[in-house]
Amino acid sequence: MDSILTNWTTKARKFKEAHPNVASALYLTALSIFIVASMIKNSQMFMFFSQEFIFILELIPALMVTIKILFLDEHNGQELAIFFLMEFYLYMSSYIAASVSVFYFSFFIIGAKNVKAEQILKVFMLTNIAFMIVAAILALSGVIWNYSTTRGLYSPVYRYALGMAYPSDYAARGLALLLAYAVLKKFRLRLPEYISFIAVIFWFYLITGTRVDLLLSLLLLVFLVAYPKVKQLFKKISIKAVNIAMLVYMFLIYLIGFLFTCFPSNKILSLINSALSGRLSHEQTLFHNFPISFTGRYIYQPGGGSGFFIDASFFRILWMYGIPMLLIAIVLFFMLNNRFLKNLNYLPIELAFIIFFISAGIDQHFLDASFNFVPLLLFANLEMFDKGQN
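Quantities reported herein were computed from a predicted structural model and do not represent experimental measurements. (Residues numbered from 1 in each chain as written. Predicted model: local features only at pLDDT ≥ 70, side-chain atom pairs only at ≥ 80, totals over all residues. Heavy atoms only, no water.)

A short note on the overall build of the protein chain
So, point 1. When you go through the protein chain residue by residue, the secondary structure sums to 16 helices and 2 strands.
So, point 2. Dimensions of the protein chain, computed from the C-alpha atoms along their principal axes, are close to 70 × 50 × 50 Å.
So, point 3. Out of the 390 residues in the protein chain, the part that is buried amounts to 53%.
So, point 4. Across the protein chain, contacts joining residues at least 24 apart in sequence account for 74% of those joining residues at least 6 apart. (Helix = DSSP H or I, 4+ residues; strand = E, 2+ residues; numbered from the N terminus. Buried < 20%, exposed > 50% of the residue type's maximum accessible area, 1.4 Å probe, protein only. Contact = heavy atoms within 4.5 Å.)

So, in C-alpha cells, the structure goes:
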C-alpha cells in the first residue's frame, strides 16, 4: 500500500511541476462556486432555485477539492485515512443536525493546502461583492424580496437586508469583507483606505442598524490604527494564554445563557438580552426544551426575524452537532492560534480570527465559509505575510 501511495505521490509531484497552477485553480474555482451556493441559501434568491440544484452546487465543488486532496496534494496514507474518517463523522453529525455547512466547510479547510493566501482572500472578496451587488439590484428592483424590519414595535428606524436573508446577514458580510481586505493589506492602510473603511462601516450600519457588527467593525478599526502597539503586545502573550482566554470566553457565553434561563428577571441579564436583540431568550428556549445530546440533534428553527433561532455559533455547535463536534471545534481553534501566533507576521490573520471568535458567541456565521475565511488559511501558503514587515 505504501509503495502504491509513494508511486502515486511521485506522479502527482511530476504533474504539478509540469502544471504548477492546476491545483490552485481547481481549489479557487471550487471555492467560488461553493461561496455562491452558500450565499444563495442565505439570501432571498433561494426561491429561484430548487433544493436539488443547491445540493449539486455544493457537492460539485466538494468533489473538486477532494480530487485536489487525493491526487494533487502530497498526503501519506495515514493523513488520508484521518481525512476520510473525519469526513465520515462530520457527514453523520451534519445529517443528524440537518445542516451540512460544517461538513462542506471541512473540505475547503483541508483542501487549501499550498494555495496562496492572497488568492483565497481575493476570490472570497470578489465572489461576495459580486453576489451582494446582484442581490441588491434584484431586491431594489422588486425581483426578490428586500426584507425589512424595525428594531421594535414603535421604532421609526427600518433595517434592510438588500437581498440577503436578514439585515444582520448583510451586516455580517460587510464585516467579513472589511476583515478580508484588512488581512490582504496586512493591516497596513493608507489614509484614503481608512476613510473608505469608515464610510463602509457607516453604510452597513445605516442600512442594517446592526449594533454587534458595528462594534466589531470599530474594534477592527482600533486594531488597524494601533497595529504596531498590538503587535508589541502579542510578543508578550503566549499562545497558551490566548487559548485559555478563548476557552474562558466560550464558557462565559454558555454561562450567561444558562444564568438567563435560571434568572430571566435579573435586571443585568435582561439588559444584556435587550442589547443582544433577544438572543438570550432563544438560548433560554434551548435550555428548557432541548437537552444537550452527545451526538447532536435536529432542532426546528423557524427564524423569520421573530421566530426561534439559535444565533450563537457556540450554541449551534454543541446543541446541533454534539459534544464531539465541540471538542473538534476547540482543537481547530487551538490549531489556528498555533499557526498564526508562532510567526507574528501572521498576526493580521489572528486578529481577524479573534474578531470572528467574538462574533461566534453572538452570531451563527462562524461555521459558514462564505462568511468566515480564517479557517481556509490554516493550511494555505502564507508567504505573502513574510514579504516585508507588518
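A closer look at the pattern of salt bridges
So, point 1. Throughout the structure, instances matching the rule amount to 5 salt bridges.
So, point 2. For the salt bridge of Lys41 with Glu58, the shortest nitrogen-to-oxygen distance reads 2.9 Å. On the criterion of sequence distance, the pair formed by Lys41 in helix α2 (residues 22–41) and Glu58 in helix α3 (residues 51–72) is long-range, its members being 17 residues apart.
So, point 3. Across the pair Glu193 and Lys185 runs a salt bridge whose closest N-O atoms are separated by 3.5 Å.
So, point 4. Given the relative accessible area of 29%, Lys185 is considered partly exposed. (Salt bridge = Lys/Arg side-chain N within 4 Å of Asp/Glu carboxyl O.)

A few points about the side chain of Arg159
So, point 1. With respect to the helices and strands, the residue Arg159 is situated in strand β2 (residues 158–160).
So, point 2. Buried charge Arg159 goes without a salt bridge, the closest partner of opposite sign being Asp213 at 7.3 Å.
So, point 3. Within polar-contact distance, the side chain of Arg159 engages the backbone oxygen of Thr208 at 2.5 Å.
So, point 4. Here the side chain of Arg159 touches Thr210 through a polar contact of 3.3 Å, side chain to side chain. (Lys, Arg positive; Asp, Glu negative; His and termini not counted. Polar contact = N/O pair within 3.5 Å; in protein donor to acceptor, adjacent residues only side chain to side chain.)

Details of the nonpolar core
So, point 1. Core analysis: the biggest nonpolar cluster contains 127 residues, and Tyr27, Ile120, Phe373 and Leu377 have the highest contact counts within it.
So, point 2. Beyond its immediate stretch of four places on either side in the chain, Tyr27 contacts Val65, Lys68, Phe108, Gly111, Ala112, Val115, Ile120 and Leu376. (Core = buried A, V, L, I, M, F, W, Y, C linked by side-chain atoms within 4.5 Å.)

Description of empty space enclosed by the protein
So, point 1. What the rule picks out here adds up to 2 cavities of 30 Å³ or more.
So, point 2. Empty space within the largest cavity amounts to approximately 100 Å³.
So, point 3. Lining the largest cavity are Ala172, Leu175, Ala176, Asp213, Ser313, Phe356, Ser359, Ala360, Asp363, His365, Phe366 and Phe371.
So, point 4. Mapped onto the lining of the largest cavity, the elements with two or more residues apiece are α7 (167–184) and α16 (347–360).
So, point 5. Here the second largest cavity defines a volume of roughly 80 Å³.
So, point 6. At the level of elements, α7, α8 (191–208) and α9 (211–225) are the ones that each hand at least two residues to the lining of the second largest cavity.
So, point 7. Per-element tally for the lining of the second largest cavity: the top contributor is α8, with 5 residues. (1 Å grid on protein atoms, 1.4 Å probe; cavity = no way out; pocket = protein on both sides within 12 Å on 5 of 7 lines; lining within 4 Å. Points joined across faces, edges and corners; volume = space filled by probe spheres on them.)

A closer look at the layout of surface pockets
Gaps between atoms show up when a probe of the same size as a water molecule is rolled over them.
So, point 1. What the second largest pocket holds in volume is close to 630 Å³.
So, point 2. What lines the second largest pocket is a set of 27 residues, among which Met86, Ser106, Ile109, Ile110 and Leu332 lie closest to the centre.
So, point 3. At the level of secondary structure, the elements contributing two or more residues to the lining of the second largest pocket comprise α4 (77–97), α5 (101–110) and α15 (323–341).
So, point 4. If one sorts the elements of the lining of the second largest pocket by residue count, α15 sits on top with 7 residues.
So, point 5. The residue inventory of the lining of the second largest pocket, partitioned by class, reads 23 nonpolar, 2 polar and 2 charged. (Nonpolar A, V, L, I, M, F, W, Y, C, P; charged D, E, K, R; others polar.)

Remarks on a nonpolar patch on the surface
So, point 1. Taken together, the side chains of Phe46, Met47, Phe48, Val143 and Trp145 present a nonpolar region at the surface, about 530 Å² in accessible area.
So, point 2. The topology assignment puts Trp145 in the loop between α6 (117–140) and β1 (148–150). (Patch = residues over 30% accessible without salt bridge, like charges linked within 9 Å, V, L, I, M, F, W, Y side chains within 5 Å. Areas by Shrake-Rupley, 256 points an atom, 1.4 Å probe, with all protein chains shown as cover.)

Focus: the environment of Val143
So, point 1. Among the secondary structure elements, Val143 is positioned in the loop between α6 and β1.
So, point 2. Judged by relative accessible area, which is 46%, Val143 ranks as partly exposed.
So, point 3. Distance in space between the C-alpha atoms of Val143 and Met45 is 9.2 Å, their sequence separation being 98 residues.

Quick look at α7
So, point 1. Over its 18 residues, α7 runs 26 Å from end to end, which matches the ideal 26 Å to within 8%, given 1.5 Å per residue.
So, point 2. Judged by how many residues are buried, α7 sits mostly within the fold: 17 of 18 residues are covered.
So, point 3. Residue Lys186 follows α7 closely and has a positive phi angle near 55 degrees. (Expected span 1.5 Å × (residues − 1).)

Concerning the packing of α15 against α16
So, point 1. Two elements in contact, α15 and α16, have axes whose closest approach is 8 Å; the angle formed by their N-to-C orientations is 150 degrees. Relative to α16, the element α15 is oriented roughly antiparallel. Note that α15 runs across α16; the crossing there is left-handed. In contact with Phe333, Leu336, Asn337, Phe340 and Leu341 of α15, α16 contributes Leu347, Ile349, Glu350, Phe353 and Phe357.
So, point 2. Looking at the contact of α15 with α16 residue by residue, the classes come out as 8 nonpolar, 1 polar and 1 charged. (Axes fitted to C-alpha atoms, helices over the stretch in contact; angles between N-to-C directions. Parallel < 35°, antiparallel > 145°, perpendicular 65-115°, else oblique. Left-handed = near helix turned anticlockwise from the far one by under 90°.)

So, α4
So, point 1. For α4, built from 21 residues, the straight-helix expectation of 30 Å at 1.5 Å per residue is met to within 8% by its first-to-last C-alpha distance of 30 Å.
So, point 2. Among the residues making up α4, those that are buried are Leu80, Phe83, Glu87, Leu90, Ser93, Ser94 and Ala97. Along α4, the residues classed as buried sweep out an arc of 155 degrees about the axis, all on the same side. Seen from the buried face of α4, the exposed residues on the opposite side, beyond 90 degrees, are Gln78, Leu85, Phe88 and Tyr95. (Arc of directions from axis to C-beta.)

So, the packing of α2 against α5
So, point 1. Axis separation between α2 and α5 bottoms out at 11 Å; the angle between their running directions is 155 degrees. Viewed along their axes, α2 and α5 adopt a mutual orientation that is roughly antiparallel. In the crossing of α2 with α5, the sense of the turn from one axis to the other is left-handed. Residues Tyr27, Ala30, Leu31 and Phe34 of α2 touch α5, and the partners they reach there are Tyr104, Phe105 and Phe108.
So, point 2. By residue class, the composition of the contact of α2 with α5 is 7 nonpolar, no polar and no charged.

Just geometry here; none of it tells us what the structure is for.
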